[in-house]
Amino acid sequence: MIRIEGLHKSFGKLEVLKGITEHIHPSEKVVVIGASGSGKSTLLRCLNLLEMPTSGRIFIHGEEITGGRHDVNMLRRKMGMVFQLFNLFPNYDALGNVTLAPIKLLNMPKSAAEDLGMHMLEKVGLTDKAHEFPSRLSGGQKQRVAIARALAMNPEIMLFDEPTSALDPEMVGEVLAVMAGLAAEGMTMVIVSHEMAFAREVADRVFFMDDGVVLEQGKPDEVFSHPREARTQEFLARVRK
Amino acid sequence: MSWFEAFAAKFHQCFVQDGRFANFMLSGLKVTLQITFSAAIISISLGSFLAIVRVTHDKNIAAMYPGSKRIALKAFNQLCKLCITVVRGIPMVVQLMIWFFVVFAASRNALGIAILAFGINSAVYTAEIVRAGIMSVDHGQTEAGRSLGLGYVHTMRFIILPQAFKNVLPALCNEFIVLLKDTAVVGYIALCDLTRGAYLIAGRTYEPFLPLVAAALIYLAMVIVLSKLFGKLERRLRTSDSH
Ligand SMILES: Nc1ncnc2c1ncn2[C@@H]1O[C@H](COP(=O)(O)OP(=O)(O)OP(=O)(O)O)[C@@H](O)[C@H]1O
Ligand SMILES: [Mg+2]
C-alpha cells in the first residue's frame, strides 16, 4: 500500500533520513520507535508530503506521489494525520473542526457534513462535546476530536505522530482505546509512539529508527523482547527505566 | 453682561447664526466620516493583500522549485516591499498633495482622491499589522489544515486569517484611530472636513475657541466609540481561545 524506496531527507546540511526502503501493506499497523531526533516525525511527514523528500520515491497503491506530478491535496485527503500537540482549530468548535474539510473539499451541504461529523464524534465518544471550543476540552478530548477530524475525510491511511506524549497519564488510555478501535476496523496505520503495551497489542510490525535509518524491525515481541541490535537494546533499556 | 450671557452670545454667533454648525461642522463631519470609512475598507483589503503576498513569499520561497512561479512570487514580493517602504517614508500631507496636484491634476474629484490617498497610506501599516498577525498563528495550524487536504488558499481563509485578525484587533483599532485623525489634513486639497469647518467658523467669527473645542470633542467622541466597538468585537471573538 505504501512503498518507500531509498528515501532521503536533508534540512540544509543536516541529513535526517539516510535511505529508508520499506513496504507497508493494506491494513497493516506499524509502530515506529526511536530516540529523539532519529527522524521518526520526518519519516511520517514525508509520507503525506508535509516535507518534500530530498531524494527517493514513495508510492501509494503503486502510484508515485514524489516527483511533483501528483496532486498533493488529493493525496492528503486519503491520509489522515494526528499531531502530538493536537493542532485543533481554536476558532471552530469540536464539530466545526470535524466538518470544515468535508464542507470545503467535498462540497457537502452543512447538514450532511454535521451528520457525518456527529457520527465521527460518536466514534471517539465525544458527541456531548460537539459544541465546545477546543480551549474548553481536556488534552485527551482534544486529541480524540483531532482523530475524528482526520477520519471525517474517510482516509485509507492514518498517520499518528506521538499522539499521547503531550497528555497527562490519566488521559492516555482514552486516546489509545480510540486508536485500538480504529485498528480493529482494519485501518492502515503508521504510529510514532513509545507506548509499549499498546504497540504489543496493536502493531503488526515495529520499526526501530536510529540516526535516519530503520535499524531494526519485526513483530513487536521480537523487537521488544529479543532485540538484535545493541542500539535497540540500549534504547529500550532507557525508555523502560 | 454676565459671563453666561457673553458665552451664550458667542455660542450663538459660532454655531447658530447662519446655520454655521450644520453648514460647516456637520457637513464637515460627513466628509470626515466618508473618507475614514472608505479609506478603512481600502486599507483592510489592500493591506491584507500585501500581507498575504509577503507571508506567502517568506513561508514558501525556500521550498519552491526554480521556475516561473517562483520568479513571479519573488518579483511580486519585492514590489510589495517597495510600495510599503515608499508610502511609509513620505508624510501623509505630501502624499495627499502629490495625488491631488500631480497624479490626478486633471481630476477635480477631491473626495475620491482623498479616499484613495488615505486608503493606500493606511494599507501599508495595516499590511505590517496583518503580517505580524499571520506570523503569530502557530505553524501547526497550517500543517493541520494542509494535512486534511485543504489547499493554501482555503487554509489561509478559514483557519489562519480569522485567528490572525483576532490577534491583531487592538493594533488594527489603533490604526483606524490614526486614520480618522489623519484625515484632518484634507483641507490642503480644498476639502471641507470637520477640522476645516471649525477653522472656517473661527475665521468668520474671530472666535477660535468654541469651534475648535467643538471639533476636538467630536473627534474624541468618535475615537471613543470606535474603541468601544473594537472592544466589543474582541470580547465576542474571545469565546474561542487558543489552546
Ligand atoms: N523543519 C526543519 N528544519 C530543520 N531541521 C529540522 C526540521 N525538522 C526536523 N529537523 C531536524 O531533524 C532531526 C530529526 O527530527 P524529527 O522531528 O524527525 O525527529 P524525531 O525522531 O521525531 O524526534 P522526537 O522524538 O523528538 O519527536 C532533528 O535533528 C531536527 O532538529
Ligand atoms: Mg517527532
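Residues numbered from 1 in each chain as written. Chains lettered and ligands numbered in written order. Predicted model: local features only at pLDDT ≥ 70, side-chain atom pairs only at ≥ 80, totals over all residues. Heavy atoms only, no water.

> Which parts of the structure should I look at to understand the pairing of strand β6 (residues 79-82) of chain A?
One face of the sheet, then the other: side chains in a regular strand alternate in exactly this way. Residues and elements named next belong to chain A. Residues Met79 and Met81 line one face of β6 and the alternating positions Gly80 and Val82 line the opposite face, and both faces are buried. Here β6 pairs with strand β7 (residues 157-161) via four bridges, running parallel. Looking at the pairing, methionine 81 lines up with leucine 159 of β7. (Buried < 20%, exposed > 50% of the residue type's maximum accessible area, 1.4 Å probe, protein only. Helix = DSSP H or I, 4+ residues; strand = E, 2+ residues; numbered from the N terminus. Pairing = 2+ DSSP bridges.)

> When you look at the sheet that holds strand β5 (residues 63-64) of chain A in this model, what are you seeing that I'm missing?
Two modes of strand pairing occur in sheets, parallel and antiparallel, and in both the strands are linked by backbone hydrogen bonds. Residue and element names in this part refer to chain A. What the four strands build is an open sheet, ordered β2-β1-β4-β5; its pairing is antiparallel. The outermost strands of the open sheet, each flanked by one partner alone, are β2 (14-24) and β5. Judged from the two bridges that link them, strand β4 (residues 55-60) and β5 form a sheet pairing that is antiparallel. Looking at β5, one finds that phenylalanine 59 is bridged to glutamate 64. Running at roughly 120° to strand β1 (residues 2-11), helix α1 (residues 40-47) makes contact with β1, β2 and β4 of the sheet. (Contact = heavy atoms within 4.5 Å. Axes fitted to C-alpha atoms, helices over the stretch in contact; angles between N-to-C directions.)

> Help me understand a positive patch on the surface, please; the structure alone is not making it clear to me.
On the surface, a cluster of positive charge is made up of Lys228(B), Lys232(B), Arg235(B) and Arg236(B). In this structure, Lys232(B) sits in helix α9 (residues 209-237). (Patch = residues over 30% accessible without salt bridge, like charges linked within 9 Å, V, L, I, M, F, W, Y side chains within 5 Å. Areas by Shrake-Rupley, 256 points an atom, 1.4 Å probe, with all protein chains shown as cover. Salt bridge = Lys/Arg side-chain N within 4 Å of Asp/Glu carboxyl O. Lys, Arg positive; Asp, Glu negative; His and termini not counted. Charge placed at Lys NZ, Arg CZ, Asp CG, Glu CD.)

> Sorry, what's going on with the sheet that holds strand β8 (residues 188-192) of chain A here?
All names here are of chain A. Here we have six strands laid out as an open sheet, ordered β6-β7-β8-β3-β9-β10, and mixed in their pairing. The outermost strands of the open sheet, each flanked by one partner alone, are β6 and β10 (213-218). Along the sheet, successive strands turn relative to each other by an average axial angle of 20°, direction set aside. Sheet topology places strand β9 (residues 205-210) next to β10; five bridges connect them, and they run antiparallel. When the sheet's bridge partners are listed, methionine 209 is paired in β10 with valine 214.

> Could you clarify how one ought to interpret the nonpolar core in this entry?
Soluble globular proteins tend to bury their nonpolar side chains together. Counting residues in hydrophobic clusters, the biggest one holds 49 residues, and the most contacted among them are Ile2(A) and Leu47(A). Broken down by element, the residue count for this core peaks at six residues, all from helix α7 (residues 152-182) of chain B. Those residues in contact with Ile2(A) that lie beyond four places of it in its chain are Glu22(A), His23(A), Ile24(A), Leu47(A), Ile58(A), Phe59(A), Ile60(A), Ile157(A) and Val190(A). (Core = buried A, V, L, I, M, F, W, Y, C linked by side-chain atoms within 4.5 Å.)

> Hey, could you run me through the site of ligand 1 in this one?
Residues and elements named next belong to chain A. Phe11, Leu14, Val16, Ala35, Ser36, Gly37, Ser38, Gly39, Lys40, Ser41, Thr42 and Glu162 make up every residue found near ligand 1. Here an oxygen atom of ligand 1 and a backbone polar atom of serine 38 are 3.3 Å apart. Within the side chain of glutamate 162, an N or O atom sits 3.1 Å from an oxygen atom of ligand 1. Burial of ligand 1 by the protein amounts to 59% of the accessible area it has alone, namely 640 Å². (Near = heavy atom within 4 Å. Polar contact = N/O pair within 3.5 Å; in protein donor to acceptor, adjacent residues only side chain to side chain.)

> Can you help me understand helix α9 (residues 230-240) of chain A in this one?
For the α-helix, the turn length of 3.6 residues means that residues three or four positions removed from each other point alike. All of the buried residues along α9(A) are Thr232(A), Phe235(A) and Leu236(A). Down the axis of α9(A), the sector holding all buried residues measures 95°, keeping them to one side. (Arc of directions from axis to C-beta.)

> Help me out: how do you make sense of the packing of aromatic side chains in this one?
Residues and elements named next belong to chain B. If you walk through the whole model with that rule in mind, you get nine aromatic pairs over all chains. Here phenylalanine 49 and phenylalanine 76 contribute two aromatic rings whose centre-to-centre distance is 6.1 Å and whose plane-to-plane angle is 85°, an arrangement assigned as edge-to-face. Taken as a pair, phenylalanine 49 in helix α2 (residues 20-60) and phenylalanine 76 in helix α3 (residues 68-88) lie far apart in primary sequence, 27 residues in all. Since its relative accessible area comes to 39%, phenylalanine 76 is described here as partly exposed. On the numbers, 6.1 Å between centres and 45° between planes, the contact of phenylalanine 176 with phenylalanine 230 is tilted. (Phe/Tyr/Trp six-rings, centres within 6.5 Å; stacked < 30°, edge-to-face > 60°.)

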